[in-house]
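# Summary of the model geometry
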Amino acid sequence: MSSRKKVLLKVIILGDSGVGKTSLMNQFVNKKFSNQYKATIGADFLTKEVIVDDRIVTMQIWDTAGQERFQSLGVAFYRGADCCVLVFDVTAPNTFKSLESWRDEFLIQASPRDPDHFPFVILGNKVDLDNRAVSAKRAQQWCQSKNDIPYFETSAKEAVNVELAFQTIARNALAQETEAELYNEFPDQIKLNANDNNRNRDGDNCAC
Amino acid sequence: MWVKPQEVFLKTALWDCDETTLYFVLQRRKGHGKSKGLSSLLVGTLDSVRDTKPAPYRILHQTPNSEIYYVIATALTELEIKQDWQWLFENVSPTLHSFDTEEEITEFVCCKINSLIATEQESFTEDEDTINYKNVDYHFHQRFGMPKDEKLVCHYSCSYWKGKMPRQGWLYLSMHYMCFYSYIFGRNTTLKIRWADVTELVKSNSLLLPDSITVVTRDGEHCFTMLLKKDETFALMQQLANIAMKQLIDDKTGNYNIDKELLTKLSKNVPKKASFLKRDLDAKKQSNLYTLRFRLPQVEKLDGTEECTLWTPYNKRHNWGRMYLSQNFICFDSRVANLVRLIIPLRNVYQVEKADSGGTGSSGESGSILITTSYHTSFLFGNISDRDFIVHKISELLAKLPNDVFREKSGKAVGGQRVEGAWTPQPPLMTLFKTHQTSSIKQIQQKKEKQWEDHMAEVGRGVSMYRTTEGSELVVKGIPESLRGELWSVFSGSILQKVQSKGLYEKLVNEALSSKNQANDEIERDLHRSLPEHPAFQNDVGISALRRVLCAYALKNPTIGYCQAMNIVASVLLIYCPEEQAFWLLATICETLLPDYYNTRVVGALVDQGVLEELTKSQLPDLHAKLDELGMMKMISLSWFLTLFISVMPYECAVNVMDCFFYDGAKVIFQVTLTILDVNKEKLLKSTEDGQAVQILTDYLEGIFNDEAMALSTEPRTAQKTIKIQELVYQSYRMYGANVSSECIEHLRLKHRLRVVRHLEDSLEKNTLRALQQDKLLDANELQELLSVIREELFWAKRVPAERLEAPYEAYRLDYAQFKTIYVALSPWAKGDYAEAITARIFKLMDHDDDGLVSARGLSLAIGLSTRAEAQKRLRALYCAHAPPLLSNLELRSAQLTEVEELADDAISFFDSIQRPSESIQKSISDMGDGQIDKSTDSTYSPDEAIAAEAIRVCALGVPPGASPGTPPPPSPPPALPRPHFLRLLAALHDLTQYSTPLYEAVARAETLLLQLGELRHRPNLDREMSQDSLYLAAAAQPSALEPDRNGNLEEACAQPSPSKDEKDPTEDWSITLEQFLATMLAEAALEEFFSKQVSILPQLEALRQRDRLQSVS
Ligand SMILES: Nc1nc2c(ncn2[C@@H]2O[C@H](COP(=O)(O)OP(=O)(O)O)[C@@H](O)[C@H]2O)c(=O)[nH]1
Ligand SMILES: [Mg+2]
């Protein structure tokens, strides 16, 4: 059977303002760390093709504004997400404490089919800095308590673990996506495929 | 003229019928108008003989099967009667078929006419002080059970559609409510709707309900018809609803301050009939339009206007238009839109003189006034009909001007503070960080500068330049970089603010930089993420200036503080403007041009997203459908609006949009946005998911270029060029400039503000409910109702700022009086004589931070504990509520004098003394009343006591009401109750059980036992551990029960020896522990059963809601 169609994975990055969401996304997509970003207002996204288990998938990574007053506004983009990445700054304990509410808010707003098994990934960013304030152990414990969420310690600045983390994100998102398809009724599937034909923006690729 | 319906029998005698419908007849007296036969002459004679002179025209009402006719209108002229006839035909006739019987129709018509008469009579009465107004006001308060301070604004006669039947009655509009009352067919109809609950107001016109106003609330729709002044009524409703919404947004007190000053100013212009408050609102509205039109500071109050001409020297013409006078300005706007507009600040006025051009008597200059400014510019106004009055008025205003207070003040400020602050305001950063310009760009800029210099040579420079059509054209082409700072400030009106508040910026900076707060932290994090591509912000000079501007503004306007996006806007302002000017421009953007955009819930930006959606729907319907389907209509341009496009297109392009934005206002953003959507329409229509659509727009926006200015991005431009910014701006004016007017935007903003605020309130409520459900005490239904009751209760009171909430329910906080109202109505514990005291105890238990306020969760827990919790938990809560220091010695003291003897055996004797402590609580709470801002000073506890209080609350509730729900309750340290406290607890128990003899006896038995147990302890050499002071030790003995970070404090507390008291009360060592109390109480089966009983509070909630809920009684 051909499930060789092109897959689009929607990934949402959440976390307090300044933890490095935009930097991580840019490090992953553009392979560089730059100081030339504006603070994210509203929402923004980048796409990147990756290969997961011999399949080419397009990751569409949505970056959101982190300031508290914008929190409720990002929700429009949560729907249809395949994976949610929660980022905190290992030098700022408050950003770690916020993870819980980010996670809750996401589950409430995106209302995924199976909230207990929806794929999250936690990234503890800025490990290149000396003034670390959240220990890896503490972070890991929390992740374990939440249904064993995968945890990575990253540095967008020095490209530590970024690739690995996003590989995991893609894999887990893909698993979620595949599972979602199994649930789909037949007519929906047709609709999905129809959409996918249009989705090939470059048009060089057909669903065969 | 409508007349009181009266029966007449002789329908045709002496009258001709002009028109007839099923229910109405229009008649003309013979001898008038057309028919001039003999009989008509006779009638005319008869009339004059009898000297009755009845009105020659009349309208009768009849039903087909009735012999009785009613006169309902008379008139002296045909025109007049035709108007009445027309009104009947349009408004009354279409509704009559909905009645079942003819009697009902007649009753309805008569009732309607009577109310019309009442309304008309009223319009003759002069003022709010008249008996009539007072009467109406009185009835309004009586009928709807309004609090005394609720102000009635206006009332109108109309029909309310209840089901399929119209009810004729009165519509009352007050500051917080709209109400309807009718009494017809022997039935009462009462309707009461809070403005804050209104989601939509619609004027509609359907066959069934012609010319109606529909009010939509969450509970349903309400339709009103047959309004005499529909437009006025509608406008007023809209204004009131918006005031209500604004209050929700700003979290301000629910009081609208009547602006007497403004009122007297405008009373000349406003029709006299409306109520005092209505006139005030009218005046406010007019003033708002005035400040909006001329970009004046919002506090400016319009004094009056006058038709006249303005002489424009550059084209040597008199231009007709209107002069506006207010306390600080003289303004003029031409009748022909955009022809010429002028603003003269009165502080610049040097001389005002009557100018009669030396007897030549040319009519064009009669009634002229020449105004000369201190900058030697003169402005000539002509054709003023009441010139003396205007001259007098202007000199009066001039006399009232403050005498350059600002200049003096600022002089001092500069002298004192420069030294320590050690900062100097920066000039426009572009002058410090010159970007390399190619020669062609240089040429273009120079050419533009030349054009502007020429233009300003004609129309003048600064605030009082003539704003002409030619000027607007130059703006659209893009202002030259060197003039941006100056012109932005002039066009936006921010220069006026700056002049009026000289020295303020410096003061704010000095204060802001020396303080530490959350806003400053957030600003710090964003300084390098503002305009990093510009060299000025790769350098501390620019960064520091940006920090100063943002921190100063956060201090100036705490309701906004700092909102991301402001950093981006401010950094561009700093490039072109001197620092202080940039600050005032930012203030003008935040407060006038983009109102509410950056507040804690970015309400304004959301409102404008709604406005944009509506505009898109009407202008680009197919695209709207598409974007809606992709689920992104609401979000697509949020960042465009918030950052004035700076974050989405190259900044050297966005500034061209800003040129027009400052000149023409927010409408420019809308028209540019619509144009961008329009241009990309075909592509967008083909996109299949949100990401693709966003990508199309991103590519387009990033490809916008400006070859008249230097691009700065150090990163190579990757995007493909799409459109020249000048072209885009021009297109936007051509395609949407006319369709999207400022008035239209203002109007739509009113409408969408209702929706957005409603939506925000709803989601706050939803989140609160979700959080409250986790306590698993009250069920969802009850919580929902409870929250409605809370909202109603809070409606009249100060709301807590929605900023920085640890949990959603913290947005609903009740003071003691509010808590009491609800608790007493709902809790089975607050039914007896002791109710007040129990309520006070429970309030203290729930007020976890001792700020005199309890959150919605505190209240729901309090009620849940008394109705749903297990017996043990309920008793524990009661016990803890009476433990020290929650029940402080201070509160006990006054009562103690009287207790001494009787106490030991009979706790009932306390009932009297109890009143006092509860009063003192109330007093201490009301003392705190306003001071909830500064919690630390209000706290009545010493640090040790605070820890103890915290421990007790943990013990009573499992978790303190401040902690987030869901976390497992830690084991609690049980404090022991000293005797006086215990006696209070007993009194409470007596009160709860007094209605049932077996229960009462059970309490008595338990009481005897407990008193004996307590007595056992009462031995001088007994272990200190159980003494009153040991509470702290008891609490400290269980450190695991407390937050780890509190550990330090706790250990300190127990390291100290218990505060030794010199004179020991003999009762000091008497004590009862929680275990003893629980064991004894629960041993009594009756009590165990009583405290396990599951009580539903739905009936009580219903009763409470009935009090103020929207109610329709038939
Ligand atoms: N040292 C260090 N700094 C980082 C790292 N990631 C981001 N930053 C910096 O943290 C700040 C905020 O980053 P940003 O990506 O804009 O955060 P966002 O608000 O979560 O999108 C920027 O100044 C980045 O340069 C990292 O891994 N290490
Ligand atoms: Mg970001």
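Residues numbered from 1 in each chain as written. Chains lettered and ligands numbered in written order. Predicted model: local features only at pLDDT ≥ 70, side-chain atom pairs only at ≥ 80, totals over all residues. Heavy atoms only, no water.

The name recorded for chain B in an unreviewed UniProt entry is Rab-GAP TBC domain-containing protein, from Pieris brassicae.

Put simply, the rule is: UniProt positions are given in the numbering used here, feature names are shortened, and annotations may be inferred rather than shown by experiment.
Going by an unreviewed UniProt entry, chain A carries the name Rab7 and comes from Pieris macdunnoughi. As its UniProt record puts it under Sequence similarities (unreviewed entry), chain A is described as follows: "Belongs to the small GTPase superfamily. Rab family." Database annotation for chain A, UniProt heading Subcellular location (unreviewed entry): "Late endosome membrane".

## Re the overall build of chain B
Condition: Secondary structure elements are defined from DSSP: runs of H or I of at least 4 residues count as helices, runs of E of at least 2 residues count as strands, and each element is numbered from the N terminus. Working definition: with a 1.4 Å probe on protein chains only, accessible area under 20% of the residue-type maximum means buried, over 50% means exposed, and in between means partly exposed.
Within chain B, the regular secondary structure consists of 44 helices and 24 strands. When the 1114 residues of chain B are sorted by exposure, 55% land in the buried category.

## A short note on the packing of aromatic side chains
All names here are of chain B. As a reminder of what qualifies: A pair of Phe, Tyr and Trp rings is counted when the ring centres sit within 6.5 Å of each other, with Trp represented by its six-membered ring. The angle between the planes then sorts it: under 30 degrees is stacked, over 60 is edge-to-face, the rest tilted. Distance and angle both matter: a charge sits over a ring if NZ of Lys or CZ of Arg is within 6 Å of the ring centre and within 35 degrees of the ring normal.
This structure, assessed with the given rule, holds 38 aromatic pairs over all chains. Considering the side-chain rings of Phe583 and Trp584, the 5.1 Å spacing of their centres and the 85 degrees angle between planes classify their relative orientation as edge-to-face. For the pair Trp640 and Phe645, a centre-to-centre distance of 6.0 Å together with 35 degrees between the ring planes defines the contact as tilted. With relative accessibility at 4%, the residue Trp640 sits in the buried group. With a relative accessible area of 0%, Phe645 lands in the buried category. Three or more aromatic residues joined by ring pairs make a cluster, and in this case those are Trp423, Tyr505, Tyr553, Phe583 and Trp584. Taking NZ or CZ as reference, Arg484 lies 5.2 Å from the ring centre of Tyr576, over its face.

## Some points on the confidence of the model for chain A
We apply this condition: pLDDT is a residue-level measure of predictor confidence that goes from 0 to 100.
When pLDDT is averaged along chain A, the result is 83; 83% of the residues meet or exceed 70. Of all helices and strands in chain A, the one with the weakest mean pLDDT is helix α6 (residues 186–199) of chain A (40), whereas strand β5 (residues 120–125) of chain A scores best (97).

## What about the sheet that holds strand β7 (residues 165–174) of chain B?
Residue and element names in this part refer to chain B. Heads up, the condition is: In this scheme, strands are said to pair when DSSP sees at least two bridges between them. Here, axes are lines fitted to C-alpha atoms. For helices the fit covers the stretch in contact, and angles between N-to-C directions go from 0 to 180 degrees.
Read from one edge of the open sheet, seven strands run β9-β8-β7-β6-β12-β11-β10, paired in antiparallel fashion. The open sheet has two edge strands with one neighbour each: β9 (187–194) and β10 (198–204). Neighbour-to-neighbour, the strand axes of this sheet turn through a mean angle of 30 degrees, independent of strand direction. Where strand β6 (residues 152–162) and β7 come together, ten bridges link them in antiparallel fashion.

## Some points on the coordination of the magnesium ion (ligand 2)
Threshold: The donor definition counts N, O and S atoms within 2.8 Å of each metal and applies 3.2 Å to Na, K and Ca; water is not among these atoms, so some sites may look incomplete.
Bound to the magnesium ion (ligand 2) are the protein donor atoms Thr22 of chain A (OG1) and Thr40 of chain A (OG1), situated 2.0 to 2.1 Å from the metal. Here Thr22 of chain A, found in helix α1 (residues 21–30), pairs with Thr40 of chain A, found in the loop between α1 and β2 (43–52); they are 18 residues apart in sequence, far enough to count as distant.

## Thoughts on the site of ligand 1
Heads up, the condition is: We call a residue near a molecule or strand as soon as one heavy atom of that residue lies within 4 Å of the molecule or strand. Under the rule applied, a polar contact is a pair of N or O atoms within 3.5 Å (in protein, one hydrogen donor and one hydrogen acceptor; residues adjacent in sequence only if both atoms are side-chain atoms). All accessibility values rest on the Shrake-Rupley procedure with a 1.4 Å probe; residue burial counts only the protein chains present in the view.
Neighbouring residues of ligand 1: 18 residues in total, closest Lys21, Thr22, Ser23 and Asp128 of chain A together with Arg529 of chain B. Ligand 1 sits at a junction of chains, with neighbouring residues supplied by chains A and B. Measuring from an oxygen atom of ligand 1, one finds a side-chain N or O atom of Thr22 of chain A at 2.6 Å. Within the side chain of Asp128 of chain A, a nitrogen or oxygen atom sits 2.7 Å from a nitrogen atom of ligand 1. Relative to its unbound accessible area of 570 Å², ligand 1 is 87% covered by the protein chains. Looking at which element gives the most residues to the shell around ligand 1, the answer is α1 of chain A, with three residues.

## Observations concerning the nonpolar core
Quick note on the threshold: Throughout, nonpolar core names a set of buried Ala, Val, Leu, Ile, Met, Phe, Trp, Tyr and Cys residues whose side chains join them through atoms within 4.5 Å. In what follows, residue pairs with any heavy atoms lying within 4.5 Å of each other are defined as contacts.
In terms of nonpolar packing, the biggest core is built from 204 residues, with Phe106 of chain A together with Phe381, Trp488 and Tyr598 of chain B touching the most fellow members. Of the residues forming this core, the biggest block, ten residues, is contributed by helix α23 (residues 651–664) of chain B. Ignoring anything within four residues of it in the chain, the contact list for Trp488 of chain B reads Ile479, Val572, Leu573, Tyr576, Cys577, Leu585, Val655, Met658, Asp659 and Phe662 of chain B. Membership of the second largest hydrophobic core comes to 81 residues, among which are Ala830, Ile842, Leu845 and Phe982 of chain B.

## Quick look at the UniProt feature "domain: Rab-GAP TBC" (unreviewed entry) in chain B
Cross-referencing UniProt, the feature "domain: Rab-GAP TBC" (unreviewed entry) maps to residues 478–665 of chain B in the present numbering. Taken end to end, residues 478–665 of chain B is 67% helix and 0% strand, and its two terminal C-alpha atoms sit 15 Å from one another.

## Some details on the pairing of β5 of chain A
Residue and element names in this part refer to chain A. Just so we agree on the cut-off: Seen with the strands pointing away from the viewer, any crossover whose path from the first strand over the helix to the second strand runs clockwise is right-handed.
Within β5, six of the six residues are buried, which leaves the element mostly enclosed by the surrounding structure. Taking every second residue as pointing to the same face, both faces of β5 are buried, with Phe120, Ile122 and Gly124 on one and Val121, Leu123 and Asn125 on the other. Relative to β5, strand β4 (residues 83–89) is paired through six bridges, and the arrangement is parallel. Residue pairing across strands places Val87 opposite Leu123, the latter belonging to β5. When β5 meets strand β6 (residues 151–153), the two strands line up parallel, connected through three bridges. Bridging from a neighbouring strand, Ile122 pairs with Tyr151 of β6. Crossover β5 to β6 through helix α4 (residues 136–145) is right-handed.

## Focus on the pattern of salt bridges
Residue and element names in this part refer to chain B. Here is the rule: We define a salt bridge as a side-chain nitrogen of Lys or Arg found within 4 Å of a carboxyl oxygen belonging to Asp or Glu.
Taken as a whole and judged by the stated rule, the model has 44 salt bridges over all chains. Taking the shortest distance from any N to any O, the salt bridge between Asp388 and Lys354 comes out at 2.8 Å. Note that Asp388 is positioned in helix α8 (residues 387–400) and Lys354 in strand β17 (residues 349–354), a separation of 34 residues in sequence. For Asp388, a relative accessible area of 49% gives the class partly exposed. It is possible to trace a salt-bridge network through shared partners that takes in Glu19, Arg28, Glu78 and Lys82.

## Re the interface of chain B and chain A
Heads up, the rule is: Put simply, buried area is the surface a 1.4 Å probe can reach on two separate parts but cannot reach once they are joined, added for both.
Taken together, the 44 residues of chain B in the interface contact 32 residues of chain A. Summing both sides of the interface, chain B and chain A together bury roughly 3,200 Å²; the carbon and sulfur share of this comes to 53%. It is Arg529, Gln564 and Met635 of chain B that lose the most area in chain B upon contact with chain A, and together they represent 19% of the buried surface on that side. Between chain B and chain A we count two salt bridges in total.

## Here we look at the state of the cysteines
Which entries qualify depends on this criterion: Pairs of cysteine sulfur atoms within 2.5 Å are what we label disulfides.
In total, this model carries zero disulfides over all chains according to the counting rule given. In this model Cys660 of chain B remains outside any disulfide bridge; the closest cysteine sulfur is found in Cys653 of chain B, 13 Å from its own.

## Side note on unusual backbone geometry
All names here are of chain A. A positive phi angle, near 65 degrees, is found at Asn147, a position not held by glycine. Its location among the elements puts Asn147 in the loop between α4 and β6. For Asn147, a relative accessible area of 53% corresponds to the exposed category.

## With respect to the environment of Tyr78 of chain A
Residues and elements named next belong to chain A. The topology assignment puts Tyr78 in the loop between β3 (55–64) and β4. We classify Tyr78 as buried; its relative accessible area is 1%. On a C-alpha basis, the gap between Tyr78 and Gln109 in space is 7.0 Å, while along the polypeptide they are 31 residues apart. Apart from residues lying up to four places away in sequence, Tyr78 is in contact with Ile12, Leu14, Gln71, Trp102, Glu105, Phe106, Gln109 and Ala110.

## A look at the sheet that holds strand β3 (residues 24–29) of chain B
All names here are of chain B. Reading across the sheet, the five strands line up as β1-β5-β4-β3-β2 and stay open at both edges, with antiparallel pairing between neighbours. Because the sheet does not close on itself, it has two edges, and the strands there are β1 (2–8) and β2 (15–20). Direction aside, the axes of adjacent strands within the sheet are offset by 30 degrees on average. Examined bridge by bridge, β3 and strand β4 (residues 57–61) share five bridges and lie antiparallel to one another. Residue pairing in the sheet places Val25 in a bridge with Leu60 of β4. Strands β1, β2, β3, β4 and β5 (69–75) of the sheet are contacted by helix α2 (residues 78–96), whose axis makes an angle of about 170 degrees with β3.

## As for the side chain of Gln238 of chain B
On the secondary structure map, Gln238 of chain B appears in helix α5 (residues 230–250). Each residue touching Gln238 of chain B, except ones within four places of it in the same chain, is listed here: Leu201, His747 and Leu750 of chain B.

## A look at the pairing of strand β13 (residues 302–312) of chain B
Residue and element names in this part refer to chain B. With respect to burial, β13 is a largely interior element, eight of its eleven residues being buried. Across ten bridges, β13 lies against strand β14 (residues 317–326) in antiparallel orientation. Following the sheet pairing, Glu306 is matched in β14 by Met323. Pairing of β13 with strand β19 (residues 378–382), which is carried by three bridges, proceeds in the antiparallel orientation. Across the sheet, Trp311 pairs through a bridge with Leu380, a residue of β19.

## A look at helix α12 (residues 469–477) of chain B
All names here are of chain B. Among all positions in α12, only Gly471, Ser472, Leu474, Val475 and Val476 are buried. If you follow the buried residues of α12, they end up packed against α11 (439–459), β20 (467–468), α13 (481–492), α23 and α27 (725–736). The positive-phi residue at the C-terminal boundary of α12 is Gly478, with phi of around 105 degrees.

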